[in-house]
Amino acid sequence: ISTLFGWARANPNPALTPWLVFPIFFQTLLSTMWEEFGWRAYAFPIHRQHQSFLTAAVLQSLITAVWHLPLWFTPNYPMAVIPFGWWVLEHTAAALVLCYLFERSRYSFPIAAIFHAARNTASTLVFLYFSGIPFNGWLVSMALILGAAVWIALVPHRTLRQYEKNWCVKSD
């Protein structure tokens, strides 16, 4: 992406090893379990009782975006290098994916927490790898999440149910 847009290239961080994934993931999972318990297991079903899936997911994402706003004012916090508006866009897309996983897994907040932890772990590793230019690597993550969210938002639920019927393993 750096080459494509003519940005300076980041020097990969030599301290990164493949084993770094595990401690970052498990530490992140411990924190995201509590977030997902509150946001997905408690708050999302309340919104969902009164709104469509898309409306409830977007409302949930905006509430959690405001919740995360103080991180942009925390000195030396890595997220502060990402423009808040871009982050809200990516966060809304990720919330749509999280809400979809939560609802389709029959309201299993650990499934959402594992996805949330994987997303945060990937973001952390991208930030560490592209330590000179963290925003460039984050754009790749944003594009992937946005693609998944657009697919979830635009594919009719009837088509999703047919896809699940044909391709997903039944737990019953």
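Not measured: the values here are computed from a predicted model. (Residues numbered from 1 in each chain as written. Predicted model: local features only at pLDDT ≥ 70, side-chain atom pairs only at ≥ 80, totals over all residues. Heavy atoms only, no water.)

Draft legend 1. Layout of helix H4 (residues 84-104). Counted at 1.5 Å a residue, the expected span for H4 with its 21 residues is 30 Å, and the 29 Å between its end C-alpha atoms agrees. Counted residue by residue, H4 has 15 buried out of 21 residues, so it is predominantly covered. The first or second residue beyond H4 is arginine 106, which carries a positive phi of 60 degrees. (Helix = DSSP H or I, 4+ residues; strand = E, 2+ residues; numbered from the N terminus. Expected span 1.5 Å × (residues − 1). Buried < 20%, exposed > 50% of the residue type's maximum accessible area, 1.4 Å probe, protein only.)

Draft legend 2. Summary view of the pattern of salt bridges. One pass over the full model with this rule turns up three salt bridges. One salt bridge connects arginine 40 with glutamate 36, and the closest N-O pair in it is separated by 2.6 Å. Separated by four residues within a single helix, arginine 40 and glutamate 36 lie in helix H2 (residues 21-50), roughly one turn from each other. One salt bridge connects glutamate 103 with arginine 48, and the closest N-O pair in it is separated by 2.6 Å. Taken together, the residues glutamate 103 in helix H4 and arginine 48 in helix H2 connect sequence positions 55 residues apart. On the accessibility criterion, glutamate 103 (16% relative accessible area) is buried. (Salt bridge = Lys/Arg side-chain N within 4 Å of Asp/Glu carboxyl O.)

Draft legend 3. Summary view of the nonpolar core. Counting residues in hydrophobic clusters, the biggest one holds 16 residues, and the most contacted among them are Phe44, Phe53, Ala57, Leu96, Cys99, Ala149 and Ile152. With eight residues, H4 is the single largest residue contributor to this core. Discounting chain neighbours no more than four positions away, the residues touching cysteine 99 are Arg40, Phe44, Phe53 and Ala57. Counting residues in hydrophobic clusters, the runner-up holds six residues, among them Met79, Ile82, Trp87 and Val88. (Core = buried A, V, L, I, M, F, W, Y, C linked by side-chain atoms within 4.5 Å. Contact = heavy atoms within 4.5 Å.)

Draft legend 4. Summary view of the packing of aromatic side chains. For the coordinates displayed, the defined rule picks out nine aromatic pairs. Plain terms: the ring middles of tryptophan 72 and phenylalanine 84 are 5.0 Å apart, the flat faces sit at 80 degrees to each other, and that makes the pair edge-to-face. Of this pair, tryptophan 72 sits in the loop between helix H3 (53-68) and H4 while phenylalanine 84 sits in helix H4, and the two are twelve residues apart along the sequence. Looking at phenylalanine 84, the relative accessible area reads 28%, which means it is partly exposed. One aromatic cluster is present, built from ring pairs that chain together Phe44, Phe53, Phe102 and Tyr107. (Phe/Tyr/Trp six-rings, centres within 6.5 Å; stacked < 30°, edge-to-face > 60°.)

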